[in-house]
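Structural description and commentary
Spelled out from the first residue to the last, the chains are:
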Amino acid sequence: MTTKLAQRLSRLGTETAFAVSAEAAAHAAKGNKIYPFHLGDMNIPTPGNIVEATIRAMKDGKTGYCPNYGIPRLREILAEDINRSHGTDYAMENVAIQPGGKPVINKFFLAMMNPGDEVLYPSPGYPIYESQIEFHDGVAVPYRYVEGENNFEFVLGEIEEAITPKTRLLVLNDLQNPTGAECSERQLQKVAELAQKYDLFVLCDEAYFDIRYEGRSKSLASLPGMAERCLILYTFSKRFAMTGWRLGAAVGPEDLIDTIAKLNVNDESCSNHFIQYGAIEGLTGDQSEPKEILRVLKQRRDKAVDLLNDIEGIRCFKPNATFYLFPNATAAMKNKGITDYEQFRKTALAETGVSFCTRRHFGRPLPGETELYIRLAYSGIDVGEIEEGLALFKQFVER
Ligand code: PLP
């Protein structure tokens, strides 16, 4: 007998990168060597001082429920930390701790979107936006990221053209997954102008705000008049190599934060209690390990970009932020006589062990898309393996 599931599930998408990861694990279980470029997970250990502070908190009995907003000290310190990096003026009342950054997406749409509302979101982009907008009965309206001179960029004019009287929300994932794109100050300013002109509220997904190798990140929420119309998705996952710990936060206007905290009560009561003490140590303690994480990632990026650009038919930018690469593989696929993404991906996995995602894992392709892209994450693979894997991939592509 099949279980009669709710109809709304027909609208729920998923993050298919996890399926690629499972496929790679199955291939490895048969004794094959895998080069894991598929998932934005990290093989770098969480800084030792965070681990120790967490264990201490556990031993100190921080093992019961805690406030559904998160522990006050962490909310306070996180607000201060964000104010320092963003130039904003948040207080602890603007922070609701979450079990990861991802839950902010669902809670944002639950709190802000009515059925039939149109939401602008990036494509290619993190697939959970499309999934959650449609699951909650909104209308997902994509805006494109295309190749610019030195990196990908969104098409600003298209964002404005897509706005209708029903558009209420915009998702901005600056320092973007999968492309590594980053807004210039002028572009951020333009987005702020659009949000104010059309009265849009913005989900600022800042999962990679601190994963940058040069210069400083800038947040839309820091522009004049924008803190009141932005909700920041914050996460400890990437900055502190804590993907599996599941800790993040929603940061924004107090009334919205109160609503999100009420959703916390309904969903999970509170985020893990003792981990929040580890997070306090992460934000206030010794920063040498988080710095080392960036050094390691930068070395991997440089190696991977050089090797990819040395493959016939592959063209890859060198983004200054995130740990993703989104090379154009149109000519490489053509040379191999493959036009189907899944065929290319699966054949590469079977013949080389190199496992990656493609554009298909980042939202529905848009009409008129002719170029073909693959996405490689270098957060879970060491330099030696990058060299070995991409050498095999080169042979595969050029064969
Ligand atoms: N947003 C983006 C763009 C991401 O790439 C990710 C994770 O890969 C997340 C949010 C969620 O991360 P987490 O739930 O680990 O904080």
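Predicted model, so just to flag it, every value in this text is computed and none were measured. (Residues numbered from 1 in each chain as written. Predicted model: local features only at pLDDT ≥ 70, side-chain atom pairs only at ≥ 80, totals over all residues. Heavy atoms only, no water.)

In terms of domain boundaries, the protein breaks down into domain 1 (7–45 + 289–398) and domain 2 (65–284). On a C-alpha basis, the centroid separation for the pair domain 1 and domain 2 is 25 Å. Across the boundary between the two partners, domain 1 contributes 39 residues, which contact 41 residues of domain 2. Summing both partners gives a buried area of about 3,500 Å² for domain 1 against domain 2, and 59% of it is carried by carbon and sulfur. When the area that domain 1 buries against domain 2 is broken down by residue, the three leading residues are Arg11, Phe317 and Asn320, summing to 20%. Scanning the region where domain 1 abuts domain 2 turns up five salt bridges. Put simply, Glu147 and Arg315 hold a salt bridge, and the shortest N to O gap is 3.0 Å. One can count 22 residue pairs in polar contact (both at pLDDT 80 or more) joining domain 1 with domain 2. Its residues placed into classes, the side of domain 1 that touches domain 2 shows 21 nonpolar, eight polar and ten charged. (Domains from an automatic or database assignment. Contact = heavy atoms within 4.5 Å. Buried area = accessible area lost by both parts, 1.4 Å probe. Salt bridge = Lys/Arg side-chain N within 4 Å of Asp/Glu carboxyl O. Polar contact = N/O pair within 3.5 Å; in protein donor to acceptor, adjacent residues only side chain to side chain. Nonpolar A, V, L, I, M, F, W, Y, C, P; charged D, E, K, R; others polar.)

Right, let's talk about the packing of helix H12 (residues 341–352) against helix H13 (residues 383–398) for a bit. The interhelical angle for the contact between H12 and H13, taken along N-to-C directions, is 120 degrees, at an axis separation of 10 Å. Judged by the inter-axis angle, H12 sits oblique to H13. Handedness of the crossing formed by H12 with H13: right-handed. Taken together, the residues of H13 that come into contact with H12 (itself represented by Phe344, Thr347, Ala348, Glu351 and Thr352) are Leu392, Phe393, Phe396 and Val397. Residue composition of the contact of H12 with H13, by class: six nonpolar, two polar and one charged. (Axes fitted to C-alpha atoms, helices over the stretch in contact; angles between N-to-C directions. Helix = DSSP H or I, 4+ residues; strand = E, 2+ residues; numbered from the N terminus. Parallel < 35°, antiparallel > 145°, perpendicular 65-115°, else oblique. Left-handed = near helix turned anticlockwise from the far one by under 90°.)

Take His27: it is sitting in helix H1 (residues 17–29). By relative accessible area, His27 is classed as buried at 14%. Ignoring anything within four residues of it in the chain, the contact list for His27 reads Asn32, Ile34, Leu349 and Ala350. (Buried < 20%, exposed > 50% of the residue type's maximum accessible area, 1.4 Å probe, protein only.)

Let us look at helix H2 (residues 48–59). The terminal C-alpha atoms of H2, which comprises twelve residues, lie 16 Å apart, in line with the 16 Å expected from a rise of 1.5 Å per residue. Those residues of H2 not exposed but buried are Asn49, Ile50, Ala53, Thr54 and Ala57. Angularly, the buried residues of H2 cover 135 degrees about the axis, an arc narrow enough to put them on a single face. Exposed residues lying more than 90 degrees from the buried face of H2 are Glu52 and Lys59. At its buried positions, H2 is contacted by helix H9 (273–284) and helix H10 (288–309). After H2 finishes, the residue Gly61 shows a positive phi value of roughly 85 degrees. (Expected span 1.5 Å × (residues − 1). Arc of directions from axis to C-beta.)

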